[in-house]
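Each chain, letter by letter, is given below.
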Amino acid sequence: MSGEDQPARSFPAFGPGRRIGRRFADTWWGNAWIESMEHAALDPAQLARGRRYAFAGQVGPITVSPGRIGAAVHDGDPEHPYDTVVRLRALTGAQWDRLLDAVAARAGHIAALLDRDMPHDLVDTADTVGVRLLPGHGDLDPECDCPSWDHPCRHAAALSYQAAWLLDRDPFVLLLARGRAEPDLIAELRARNARRTVTAAGPDEATGVPAAQAYAAGPAALPGPPAAVTGPPLDLAPLLAGHDAPGVDAAALATLAADAARRARRLLAGDPADPWPVVLSR
């Protein structure tokens, strides 16, 4: 993939004076990012200066692309910034396949990501298939064109701290740094979820009886075990178009509906395996 084809997202600079709670980031995964950077640091004084730079708004707009988070960071003179980058290894194609298959198997994982959340069990699911989502100790590689030899220098530390704020807001930032943009990920997860639904249902075409007709005719007319279905799941987005409601995400709703339908068919067919629906909480 050429440099021009690489997906990238740019974020406006954080203004000075941002203050948060006792820990630097707001989320557990944001703080896990910071811990990875701090564990590999050689000079705590550079970290302290980097935190001050982050709070003071001395980091310019941040650009995130596969394997790279970059920004201009200055020492107090915005006219003379340093080109600063934090690199993170992008996942291989095989790793992405394993990860996406595992995530698609759990509708709750997809819904959590769409809700801008990264629950511990999603990260645990990635670990079980040999894929590391959050950086471990030594996984972040800082670079800067300043004259300092520190690892990281104060500029790279400032960028790393502010990157944690981006991750707080949107875990898809981390997934982009790992190599895949949000639209591509959602499309691949939907495709995998659709294939799982068709595979679980079987190859035969659907047949059925309208519920009102069946119940009007009495118990003898009620259908037996459900027939297999084929084809993609119902796309709810057109149905919800023009009917916006706070908190309604068409993509998440479609995923949960497909998962609920799959589980219901398995129960009706007498298969008690995995009967419990996914429950989302806020």
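As a starting point, this report considers the structure included with it. These figures come from a predicted structure and were not determined experimentally.

## What about the pattern of salt bridges?
Under the criterion given, the structure shown has 12 salt bridges. Here Glu143 makes a salt bridge to Arg87, at a shortest N to O gap of 2.8 Å. Of the two residues, Glu143 is situated in strand β5 (residues 141–144) and Arg87 in strand β4 (residues 82–87); the sequence distance between them amounts to 56 residues. With a closest N to O distance of 3.2 Å, Arg116 and Asp170 form a salt bridge. Of this pair, Arg116 sits in the loop between α4 (107–114) and α5 (120–128) while Asp170 is found in the loop between α6 (154–169) and α7 (172–177), placing the two residues 54 residues apart along the sequence. On the accessibility criterion, Asp170 (7% relative accessible area) is buried. Taken together, the shared-partner salt bridges connect Asp97, Asp101, Arg180, Glu188 and Arg192 into one network.

## Notes on the packing of helix α1 (residues 28–39) against α6
Orientation of α1 relative to α6, taken along the N-to-C sense of each, is 160°, at an axis distance of 8 Å. On the basis of their axis angle, the class for α1 and α6 is roughly antiparallel. In this structure, α1 meets α6 at a crossing whose hand is right-handed. On α6, the residues touching Trp29, Gly30, Trp33, Ile34, Met37 and Glu38 of α1 are Ala157, Ser160, Tyr161, Ala163, Ala164, Leu167 and Asp168.

## Overview of the packing of helix α2 (residues 44–56) against α6
Taken N-terminus to C-terminus, the directions of α2 and α6 make an angle of 55°; their axes are 7 Å apart at the nearest point. Here α2 is positioned oblique relative to α6, judged by the angle of their axes. Handedness of the crossing formed by α2 with α6: right-handed. From α2, Gln46, Leu47, Arg49, Gly50, Arg51, Tyr53, Ala54 and Phe55 reach across to α6, where they touch Arg154, His155, Ala157, Ala158, Tyr161, Gln162 and Trp165. Residue classes in the contact of α2 with α6 are distributed as eight nonpolar, four polar and three charged.

## Comments concerning α1
Here α1 spans 16 Å end to end across 12 residues, near enough to the 16 Å set by a 1.5 Å rise per residue. Listed as buried for α1 are Trp29, Gly30, Asn31, Ala32, Trp33, Ile34, Ser36 and Met37. Each element contacted by the buried residues of α1 is listed here: α2, β3 (68–73), β4, α6 and α7.

## A closer look at unusual backbone geometry
Residue Pro152 is reached from His151 by a cis peptide bond, and omega for that bond is -5°. Relative to the assigned elements, Pro152 resides in the loop between β5 and α6. Here the phi dihedral of Arg116 falls at roughly 60°; this positive angle occurs in a residue that is not glycine. The class for Arg116 is partly exposed, based on a relative accessible area of 28%.

## A closer look at empty space enclosed by the protein
In this approach, a probe sized like a water molecule rolls over the atoms, and the result shows the empty space that is left. Under the definition given, this model contains three cavities of 30 Å³ or more. Looking at the largest cavity, its volume works out to about 70 Å³. Trp96, Leu99, Leu100, Val103, Leu113, Leu122, Leu133, Phe172, Leu175, Leu185 and Leu189 are the residues that line the largest cavity. Elements represented by at least two residues in the lining of the largest cavity include exactly α3 (93–104), α7 and α8 (182–201). Top element by residues in the lining of the largest cavity is α3. It accounts for four residues. Per-class residue counts for the lining of the largest cavity are 11 nonpolar, no polar and no charged. Size it by volume and the second largest cavity reaches roughly 60 Å³. Along the walls of the second largest cavity sit Met37, Ala40, Ala41, Val86, Leu140, Pro142, His151, Pro152 and Ser160, which together make up its complete lining. Across the lining of the second largest cavity, the residue classes tally to seven nonpolar, two polar and no charged.

## Quick look at the packing of aromatic side chains
Applying the stated criterion across every chain yields a total of three aromatic pairs. Ring centres of Phe55 and Trp165 lie 6.1 Å apart, and the angle between their planes is 45°; this geometry places the pair in the tilted category. Residue Phe55 is found in helix α2, and its partner Trp165 is found in helix α6; the two are separated by 110 residues along the sequence. Summarising the burial analysis for this pair, Phe55 and Trp165 share the class buried.

What counts as what
- Along each chain, residue indices are assigned from 1 in the same order as the chain's sequence is written.
- Under the rules for a predicted model, residues below a pLDDT of 70 receive no local features and side-chain atom pairs below 80 are neither given nor counted, while totals for whole chains, interfaces and linings still include all residues.
- Remark: hydrogens and water are excluded; side-chain values derive from all non-hydrogen atoms of the structure.
- By definition here, a salt bridge exists when the distance from a side-chain nitrogen of Lys or Arg to a carboxyl oxygen of Asp or Glu is within 4 Å.
- Strands here are runs of E lasting at least two residues and helices are runs of H or I lasting at least four, both read from the DSSP assignment and numbered beginning at the N terminus.
- For each residue, the accessible area found with a 1.4 Å probe, counting protein chains only, is set against the maximum for its type, and the residue is called buried under 20%, exposed over 50%, and partly exposed in between.
- Only the contacting stretch of a helix is used when fitting its axis, a line to C-alpha atoms as for every element, and angles between N-to-C directions run 0 to 180 degrees.
- Should an angle fall under 35 degrees it is called roughly parallel, over 145 degrees roughly antiparallel, and 65 to 115 degrees roughly perpendicular, with every other angle called oblique.
- Here is the rule for handedness: rotate from the far helix to the near one, and if that takes an anticlockwise turn smaller than a right angle the crossing is left-handed, while a clockwise turn gives right-handed.
- Note on definitions: a residue-residue contact is assigned when non-hydrogen atoms from the two residues lie within 4.5 Å.
- When residues are sorted by character, Ala, Val, Leu, Ile, Met, Phe, Trp, Tyr, Cys and Pro go into the nonpolar class, Asp, Glu, Lys and Arg into the charged class, and all the rest, Gly among them, into the polar class.
- For a helix, the expected span equals 1.5 Å multiplied by the residue count minus one.
- Using only the protein atoms, space was sampled on a 1 Å grid; points where a 1.4 Å probe fits but cannot get out form cavities, open sets with protein on both sides within 12 Å along at least five of seven lines form pockets, and lining residues are those with an atom within 4 Å of a point.
- Grid points are joined across faces, edges and corners, and a volume is the space filled by probe spheres set on the points.
- Ring pairs shown here join Phe, Tyr and Trp side chains whose ring centres sit within 6.5 Å, with only the six-membered ring taken for Trp; geometry is labelled stacked below 30 degrees between planes, edge-to-face above 60, and tilted in between.

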